[in-house]
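As a plain string of letters, each chain reads:
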Amino acid sequence: MVGVNKAILIGRLGKDPEIRHLESGVAVANFTLATSESYTKRETGQKVEQTEWHNIVAWRRLAEITEQYLKKGSLVYIEGKITTRQWDDKEGNKRYTTEIVAQNLSMLDTKGQVAEGTSSPSASINSGATQPASPLEENTEDDLPF
């Protein structure tokens, strides 16, 4: 059986990316991303905003780019896969975390909103996969009649 594991998120960074380098020299970036939705309660007419926090992990060149261009509050589009890791804590209890491993990232802030002293690269960075940078950049020249 073939499966699909893909997460697509648009949100704001909750903190500056934390970058570390493994002994092999590979860069890894970790940051949180907030996605929000709002709705109005039928009973009271009160507007409610609900925020979900996502743990994001970026590897190699994508990690280096996040370090250089992203900061707390940056608006980004992330495509990636959902993974769950398990480990034992000091007391021997099993611990779990679910995170999105970024495969594609597009910076959505306007140039004036990027951190001072940096310039925004082209809007989209791909981790090397052959998928389009964003849904808007897909090939629209096809034989479909609509």
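Up top you'll find the structure we're talking about.
The following paragraphs examine the structure supplied in this document. Worth saying up front: this structure is predicted, and the values here are computed from it rather than measured.

1. Section: the pattern of salt bridges
Under the criterion given, the structure shown has 6 salt bridges. Taking the shortest distance from any N to any O, the salt bridge between Arg61 and Glu64 comes out at 3.4 Å. One end of the pair is Arg61 and the other is Glu64, both in helix α1 (residues 60-69) and 3 residues apart, which spans about a single turn. Taking the shortest distance from any N to any O, the salt bridge between Lys94 and Asp88 comes out at 3.4 Å. The partly exposed category is assigned to Asp88, whose relative accessible area is 46%.

2. Here we look at the environment of Thr51
Following the sequence through the fold, Thr51 ends up in strand β4 (residues 47-59). Accessibility expressed as a relative area gives 36% for Thr51, which makes it partly exposed. Separated by 16 residues in the primary sequence, Thr51 and Thr35 have C-alpha atoms spaced 5.6 Å apart. A distance of 3.0 Å separates polar atoms of two side chains, one belonging to Thr51 and the other to Ser36.

3. A look at the pairing of strand β1 (residues 7-13)
Sheet faces and side chains relate simply in a regular strand, where the side chains alternate between the two faces. Note: β1 against strand β5 (residues 75-88), 6 bridges, orientation antiparallel. Following the sheet pairing, Ile10 is matched in β5 by Tyr77. Strand direction decides the pairing type here: β1 and strand β3 (residues 27-40), joined by 2 bridges, are antiparallel. Across the sheet, Leu13 pairs through a bridge with Leu33, a residue of β3.

Rules behind the numbers
- Residues numbered from 1 in each chain as written.
- Predicted model: local features only at pLDDT ≥ 70, side-chain atom pairs only at ≥ 80, totals over all residues.
- Heavy atoms only, no water.
- Salt bridge = Lys/Arg side-chain N within 4 Å of Asp/Glu carboxyl O.
- Helix = DSSP H or I, 4+ residues; strand = E, 2+ residues; numbered from the N terminus.
- Buried < 20%, exposed > 50% of the residue type's maximum accessible area, 1.4 Å probe, protein only.
- Polar contact = N/O pair within 3.5 Å; in protein donor to acceptor, adjacent residues only side chain to side chain.
- Pairing = 2+ DSSP bridges.

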